[in-house]
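Working through the structure, step by step
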Amino acid sequence: MSDFVLSCESTADYPRSFFEERQIAWVPFHYNLDGVSYPDDLYASISPEAFFDKIKAGAQPTTSQVGVGDYVELWEPFLKEGKDVLHLTLSSGISGTYNSACVAAEQLRQAYPERTVRVIDSLAASAGYGLLMEYLADLRDGGMGFSELGDWAEEHKLNVNHWFFVSDLDCLKRGGRVSATSALLANALKICPVLNVDYEGKLIPRQKIRTTKKAIAELVRMMEVHAEDGLAYSGKCVLSQSNCRADADAVVAGIEEKFPQLAGKIEVNNIGTVIGSHTGPGTVALFFMGDRRVD
């Protein structure tokens, strides 16, 4: 057993079983649906299909970030046990949770001066955030210590590439990320914007692709361009999707054809309720280790 705890937030969009098996503590965001607040409990209380069906039917969920007290509640029992905490937050480019985590960490440093709580801004989201946590769990289990693991996270977090497309722009329109006119036109022309996450952890539109089929091919091409060692990439690859599994499977098929040396099976996870509240259904996101994000 290590003398520290690795923790993150529910927006890493990996299954509950992963966090349990890999001994990663996590704290939930919350979302409000039909006037009721729920924890983002990794689909323990609602299925992905039911959640996205509600959005398709007109529901407009909102989200709220993790509070200072939530972090204290998560970490304090570990500190009492004599363990340090290494926590990675959802990207500061899309949420203020990093600041809240830092405030909580400072409070606990005063109460437990002999212990360390290190907070790192992942600059990642969804299963890209989860992929970074998976690499850290592997390194921890391989014997890497607390300080070295934190340094590795800081050094490599920008190597986690995020590429995704959105086939239904209604949620992006409601969130103010695209105008109503642009969303209407894009939906009419079957345009699937391809976006990525930049070096500041912000979502950036990169291309306007006509049809989902071409957007699927573009995600595969982006991995060809940006993956570490190109087509010889031998690292991990993971996807997340929101109620469009067939599209995600098409991306997987394209990647498996191009990258024969992948490390293990490509996992396809569900986009969680918090990230999904902003992307809506019809989103496929691809994550892998590649060249460092510089813009």
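Right, let's walk through the structure included here. (Residues numbered from 1 in each chain as written. Predicted model: local features only at pLDDT ≥ 70, side-chain atom pairs only at ≥ 80, totals over all residues. Heavy atoms only, no water.)

Concerning the pattern of salt bridges
A side chain with one charge can pair with a side chain of the opposite charge if their charged atoms come near. Put simply, the rule is: Should a side-chain nitrogen of Lys or Arg be within 4 Å of a carboxyl oxygen of Asp or Glu, the pair is scored as a salt bridge. In this description a helix means any DSSP run of H or I spanning at least four residues, a strand means any run of E spanning at least two, and both kinds are numbered starting from the N terminus. Here's how the labels work: a residue is buried when its accessible area is under 20% of the maximum for its type, exposed when over 50%, partly exposed in between, all with a 1.4 Å probe on protein chains only.
Going through the model one piece at a time under the given rule, you end up with 13 salt bridges. Ionic pairing is found between Glu 134 and Lys 236, a salt bridge with its closest N-O pair at 3.3 Å. Linking Glu 134 in helix H5 (residues 126-141) with Lys 236 in the loop between helix H9 (212-226) and strand S11 (237-241), this pair joins segments that are 102 residues apart in sequence. Summarising the burial analysis for this pair, Glu 134 and Lys 236 share the class buried. The salt bridge involving Lys 157 is made with Glu 154; its shortest N-O contact spans 2.8 Å. Each of Arg 22, Glu 134, Asp 138, Arg 140, Asp 141 and Lys 236 takes part in one network of salt bridges that share partners.

A word on helix H3 (residues 68-80)
Selection criterion: In this scheme, a helix's expected span is set at 1.5 Å multiplied by one less than its residue total. The angle separating two fitted axes, one through the seven residues that finish at a residue and one through the seven that start at it, defines the bend at that residue.
Relative to the 18 Å expected for 13 residues at 1.5 Å per residue, H3 spans 18 Å between its end C-alpha atoms, a close match to the ideal helical length. The largest bend along H3 measures about 30° and falls at Leu 74, with the proline Pro 77 one to four residues further on. If you check which residues of H3 are buried, you get Tyr 71, Val 72, Leu 74, Trp 75, Phe 78 and Leu 79.

Things to note about the pairing of strand S12 (residues 267-270)
Keep this limit in mind: If DSSP finds at least two bridges between two strands, the strands pair. Crossover handedness is defined here as right-handed if the route from the first strand over the helix to the second strand goes clockwise, with the strands pointing away from the viewer.
Where S11 meets S12, four bridges bridge the pair, whose relative direction is parallel. Within S12, the residue paired with Leu 239 across the bridge is Val 268. The handedness of the S11 to S12 crossover, carried by helix H10 (residues 245-258), is right-handed.

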